[in-house]
Amino acid sequence: MDGETESFNPMLKDGPTQQLALGGIYTPLLRLEFGEQAGYTGSKILPYMAEKWEVTPDATEVSFTLRKDLKWQNKPPVNGRAITSEDIKWNLLRFRDERG
């Protein structure tokens with residue numbers, strides 16, 4: 001895809017070029033597989049950073065179980081430490097607050 005992006009901040013999506021670039025930078029909790037990729041009709045939600053998830057019966061809460069092998073890159077300030085549920089929570093709240 002040819003184009004330019006104004007920002008690598010995922011909170012400021014500016015189009016398909018940025019979305020493509022961000023896909024190589026940010027790792028999702030879950031991934032979506034489309035039918036044409038796997039030979040079926042529709043799509044499937046598959047694990048990625050989260051190895052499993054549970055939705056409450058009223059569908060108001062989702063609990064994720066993170067993979068045990070997740071680590072930040074080995075660069076300051078995170079220095080390769082394990083990714084925690086607090087890290088995920090911080091990012092989800094940031095996304096919610098910045099997107100309004």
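This one's a predicted model, so the numbers in the text were calculated from it and none came from an experiment.

Asks: I keep staring at the nonpolar core and nothing clicks. Help me out?
Replies: Looking at soluble globular proteins, one finds that nonpolar side chains tend to be buried together. Among the nonpolar cores identified, the biggest contains seven residues, and these are Leu29, Met49, Ala50, Leu66, Leu70, Ile83 and Ile88. Not counting residues within four places of it along the chain, the set of residues in contact with methionine 49 comprises Thr27, Pro28, Leu29, Thr65, Leu66, Arg67, Leu70, Ile83 and Ile88.

Asks: Explain unusual backbone geometry to me, please; I cannot follow it from the model alone.
Replies: For residues besides glycine, phi is generally negative; the peptide bonds are generally trans as well. Proline 77 follows proline 76 through a cis peptide bond whose omega is 5°. Its place among the elements puts proline 77 in the loop between β4 (62–66) and α3 (85–99).

Asks: What is the right way to read the pattern of salt bridges from this model?
Replies: It is possible for side chains of opposite charge to pair when their charged atoms get near one another. One pass over the full model with this rule turns up three salt bridges. The shortest N-O distance in the salt bridge between aspartate 87 and arginine 81 comes to 2.8 Å. Look at aspartate 87 and you get buried, because its relative accessible area is 11%. Between aspartate 97 and arginine 96 there is a salt bridge; the shortest N-O distance is 2.9 Å.

Asks: How should I be thinking about a nonpolar patch on the surface in this particular structure?
Replies: Together, Phe8, Ile25 and Tyr26 make up an exposed nonpolar region whose accessible area comes to about 310 Å². With respect to the secondary-structure elements, phenylalanine 8 resides in the segment before α1 (16–23).

Thresholds applied
- Residues numbered from 1 in each chain as written.
- Predicted model: local features only at pLDDT ≥ 70, side-chain atom pairs only at ≥ 80, totals over all residues.
- Heavy atoms only, no water.
- Core = buried A, V, L, I, M, F, W, Y, C linked by side-chain atoms within 4.5 Å.
- Buried < 20%, exposed > 50% of the residue type's maximum accessible area, 1.4 Å probe, protein only.
- Contact = heavy atoms within 4.5 Å.
- Helix = DSSP H or I, 4+ residues; strand = E, 2+ residues; numbered from the N terminus.
- Salt bridge = Lys/Arg side-chain N within 4 Å of Asp/Glu carboxyl O.
- Patch = residues over 30% accessible without salt bridge, like charges linked within 9 Å, V, L, I, M, F, W, Y side chains within 5 Å.
- Areas by Shrake-Rupley, 256 points an atom, 1.4 Å probe, with all protein chains shown as cover.

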